[in-house]
Amino acid sequence: MHSRIPFVVLLLSLLSSSFLQIALAQPVGVTYGTFADNQPSAQEAVGLVQSVGIRRIRLYGPDHNALNSLRNTGIEVVLGVPNDHLPWIASNQDNAKQWIQGNVQNYQNVNFRFIVVGNGITPFHDQTSQFAQFVLPAMQNIQNAISAFGLQNKMRVTTAVDQSEILNVNYQPSQSEFRPEARQFIDPIIQFLVHNNNAPLLVNLHPFYTHRESRSARFDYATFRSAQTRVQDGPLIYTNLFDSMVDSVHAALEKAGGSSLDVVVSEVGWPTEGHSAATIDNARTHNNGLINHVQSIGTPKRPQKRIETYIFNLFDENKRDPEVERHWGIFWNNKQAKYNINFQNQ
């Protein structure tokens, strides 16, 4: 009888460890950008997502065909408030309530995870600066509207920023910080997130562009092929560019009063055409390496925290420019996979 006790204790310990690993794991999602005129229908897209085991999806705006198709699927949905909606939503609380009513409350059997107010906005970018003043008030109004419908415990309000736009990135992640000209914009947003139950900051980051534009970002370092140390940052060792980019955001958040915030990678991927490094083989290597990596460990700065990640993009988008931006899909627009990629068993 006594001889069985150590075995039982060991078994319970192993089971607890397994449950802990499951709890820490983050299923890798996919973005569903639709800037194209040749994609499958939203219903077909959602069916494809279900069939390959993807459990999270990011919509850049309230596509009602997609939302209807996502009803009762259990797929977690990251819903974007488009940039051009922000002035209207920021101007009036009733407008925000109307937006939430039509795009969230009316879809109660859709499993919303985040409401993302604006995408890639910075106060000094030619294409987005006009919206910068509206991001925070729109976030506040959306949060109030969610609370008014009693949904505040079912989804969280945040925004998505571009890592390359908003940070002064250093070769060593710990030295990175938000650009001085962005602090007046980003600091109040960080405080909003901190005071709303530490909602995470969503960050779009693309090792492909960093590799293309920087000789220091070697190809194997950018595509999870490196087993050797590439960056030594104090006691921390970086063997891939993804971790370095994520931890640069962690470092910037710490310097701006946001050390309690998590980072969600809301866009990351690899194109298959339009540049010498944009090939199907390279995309397969990067994206499968990414999935394996974020499922197994966090970043050097936060090794116990798995990074919630969304691969860009479900399909190609033929209306984008330049050419390389048209070819980020992991599936052809006939719904066939461009390469083997495994979203199962997450």
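For the structure itself, look to the data block above.
Residues numbered from 1 in each chain as written. Predicted model: local features only at pLDDT ≥ 70, side-chain atom pairs only at ≥ 80, totals over all residues. Heavy atoms only, no water.

K.L.:
Can you walk me through the side chain of Arg302 in this structure?
P.N.:
Relative to the elements of secondary structure, Arg302 occurs in the loop between helix H12 (280-296) and strand E12 (309-311). For Arg302, a relative accessible area of 16% puts it in the buried group. There is a polar contact of 2.9 Å between the side chain of Arg302 and the backbone oxygen of Leu261. Excluding residues that lie within four positions of it along the chain, Arg302 makes contacts with His250, Glu254, Ser259, Leu261 and Asp262. (Helix = DSSP H or I, 4+ residues; strand = E, 2+ residues; numbered from the N terminus. Buried < 20%, exposed > 50% of the residue type's maximum accessible area, 1.4 Å probe, protein only. Polar contact = N/O pair within 3.5 Å; in protein donor to acceptor, adjacent residues only side chain to side chain. Contact = heavy atoms within 4.5 Å.)

K.L.:
Please clarify how the sheet that holds E12 should be interpreted in this entry.
P.N.:
Sheet strands pair by backbone hydrogen bonding; their relative direction is either parallel or antiparallel. In space, the eight strands of this closed barrel follow the order E1-E2-E3-E4-E5-E8-E11-E12, with parallel pairing throughout. On average, each strand axis in the sheet is tilted by 25 degrees relative to the strand beside it, whichever way the strands run. Taken strand by strand, helix H5 (residues 93-103) contacts strand E3 (76-81) and strand E4 (111-119), and its axis lies near 145 degrees from that of E3. (Pairing = 2+ DSSP bridges. Axes fitted to C-alpha atoms, helices over the stretch in contact; angles between N-to-C directions.)

K.L.:
Where do I start with the pairing of strand E2 (residues 56-59) in this structure?
P.N.:
The side chains of a regular strand alternate between the sheet's two faces. The side-chain alternation of E2 yields two buried faces, one formed by Arg56 and Arg58 and the other by Ile57 and Leu59. As defined by bridge partners, strand E1 (residues 29-32) adjoins E2 across three bridges and the pair is classed as parallel. Counterpart to Val30 in the pairing with E2 is Ile57. On the question of chirality, the crossover connecting E1 to the parallel E2 by way of helix H2 (residues 42-51) is right-handed. Note that E2 and E3 share four bridges and pair parallel. In the sheet register, Ile57 faces E3, and the bridge partner there is Val77. (Right-handed = clockwise from strand over helix to strand, strands pointing away.)

K.L.:
Honestly, the environment of Val49 in this entry has me stumped. Any pointers?
P.N.:
For Val49, the location among the structural elements is in helix H2. The spatial distance from the C-alpha of Val49 to the C-alpha of Lys335 is 10.0 Å, given a sequence separation of 286 residues. Excluding anything up to four places from it in sequence, Val49 contacts Val30, Ile54, Ile57, Ile75 and Leu314.

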